[in-house]
Amino acid sequence: MISHGKNIKIFTANSNVNLAREISQNLDLPVGESLVGKFSDGEIFVNIQETVRGSDVFVVQSTSYPVNDNLMELLIMIDAFRRASAGRITAVIPYFGYARQDRKAKARDPISAKLVADLIARAGADRVLTMDLHAPQIQGFFDIPVDHLLGVPLLSPYYAQKFEKRDDIVVVSPDFGSVTRARNFAQRLNIPIAIIDKRRPKPNVSEVMNIIGDIKGKSVILVDDMIDTAGTITHGAKALMERGAKEVYACCTHPVLSGPAIERIEESPIKELVVLNTIELPEEKKIDKIKILSVAPLFAEAIERIYEDISVSTLFI
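In this report, the structure presented in the accompanying data block is examined. Note that the coordinates shown come from a computational prediction; the quantities given were computed from them, not determined experimentally.

### A look at helix 3 (residues 112-123)
Then step 1. Relative to the 16 Å expected for 12 residues at 1.5 Å per residue, helix 3 spans 16 Å between its end C-alpha atoms, a close match to the ideal helical length.
Then step 2. Along helix 3, the residues classified as buried are S112, A113, V116, A117, I120 and A123. Mapping the buried residues of helix 3 onto a view down its axis gives an arc of 145 degrees, with all of them on the same face. Relative to its buried face, helix 3 has exposed residues pointing more than 90 degrees away, namely L115 and R122.
Then step 3. On its buried face, helix 3 is in contact with helix 2 (67-83), strand 5 (88-93) and strand 6 (127-131).

Following this line, the structure appears as structure tokens:
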């Protein structure tokens, strides 16, 4: 590995092509020429159609649905660049799949996040650039450098502009695991915080037990890192309204939105859901309640800083 290559090249597989194009436009660069597809038996093939020898290569690929296909595309693409003598390879993973499998919650559980981290490093990546890992300690699962971007600095300015007067606004954490994120969000807007006390009897199922904090007569903003089946966020919104909230807004970094998520959001009291485009939403999921903000400028700046060997952490100040 060298400190950085002789030039920047941005490539993408198939999970988030539009985001890769936006990032390239922000850097005033073209997306690299490559072909990623499948053979008739389902095996993935990669064809890099330009030289990358000595280049600083950034591969943009979220490991979202279909998770295993997108992960294999990323691994095979990294391997192709390594064998083509790229100077340095950075895996740009806006959404890191398997992040929720970060510990042994019960006997004989796998720690799949660690396995995926090892696969990415073993394939030939020299570093990883990602955003809002579900568990921040996953950075330590990698044996290569990880630059971890945050979604709150992109989401909070939207609400700062939306609510100029914030006397009756409260940020709400949907569970205790998101308190740090919600507190960071609240500090940026200089507003109070509340917490939903819930329990999860089984995966993708949550039950609200209590609300910690004053939300009566307030407009509340639910803040989370991801929304998957939307059970947590919609149950939380319903509980907040039942306990006297005036209106409920919600935001997240990663719009996984699987299973019944869209139907639940449509039927929920949530007035607006703001998400980032770390995962590319198909047209059928782009409902009126959902507003999408782009992470492309932030990722583009981070890529430029990585190439120039200057600090990335200053982006969060």
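Back to the write-up after that little detour.
### Let's talk about the nonpolar core
Then step 1. Judged by nonpolar contacts, the single largest core of 42 residues is most densely connected at I23, L149, Y159, F185, I221 and I303.
Then step 2. If you tally residues by element for this core, the top one is helix 8 (residues 296-308), at eight residues.
Then step 3. Formed by 34 residues, the second largest nonpolar core is a distinct cluster that contains F81, A125, F142 and I144.

### What about the environment of I306?
Then step 1. Along the chain, I306 falls in helix 8.
Then step 2. C-alpha separation for the pair I306 and S62, spaced 244 residues apart in sequence, amounts to 19 Å.
Then step 3. Leaving out residues up to four positions away in the same chain, I306 has contacts with F58, R88, R127, L129, D147 and V312.

### Describing the pattern of salt bridges
Then step 1. For the structure shown, the criterion picks out 16 salt bridges.
Then step 2. Between R103 and D102 there is a salt bridge, with its nearest N and O atoms 3.0 Å apart.
Then step 3. For R103, a relative accessible area of 52% translates into the label exposed.
Then step 4. For D102, a relative accessible area of 7% puts it in the buried group.
Then step 5. One salt-bridge network, in which partners are shared between bridges, spans D56, R88 and D309.

### Concerning the pairing of strand 6
Then step 1. Among the five residues in strand 6, five count as buried, and that is most of the element.
Then step 2. Looking at chain direction, strand 5 and strand 6 are connected through four bridges and run parallel. Paired with I93 across the two strands is T130, which belongs to strand 6.
Then step 3. As defined by bridge partners, strand 6 adjoins strand 7 (residues 146-149) across four bridges and the pair is classed as parallel. By the bridge assignment for strand 7, L129 is matched with D147.

Procedures and definitions
- Starting from 1, residues in each chain are numbered consecutively following that chain's sequence as written.
- Totals for whole chains, interfaces and linings use every residue, but because this is a predicted model, local features are given only for residues with pLDDT of at least 70 and side-chain atom pairs only at 80 or more, for both listing and counting.
- Side-chain measures were taken over the full set of non-hydrogen atoms in the model, leaving aside hydrogen atoms and water.
- Think of it this way: any DSSP run of H or I at least four residues long counts as a helix, any run of E at least two long counts as a strand, and we number them from the N terminus.
- Every helix has an expected span of 1.5 Å times one less than the residues it contains.
- For the exposure calls, accessible area comes from a 1.4 Å probe over protein chains only, and a residue counts as buried if that area is under 20% of its type's maximum, exposed if over 50%, partly exposed in between.
- Note that the arc is defined by the directions from the helix axis to the C-beta atoms.
- The contact criterion used throughout is that any non-hydrogen atoms of two residues lie within 4.5 Å.
- Only buried residues count toward a nonpolar core. Its members are Ala, Val, Leu, Ile, Met, Phe, Trp, Tyr and Cys residues joined through side-chain atoms within 4.5 Å.
- What counts as a salt bridge is simple: a side-chain nitrogen of Lys or Arg found within 4 Å of a carboxyl oxygen of Asp or Glu.
- Whether two strands pair comes down to DSSP finding at least two bridges between them.

The quantities given are spatial measurements derived from coordinates; they are silent on function.
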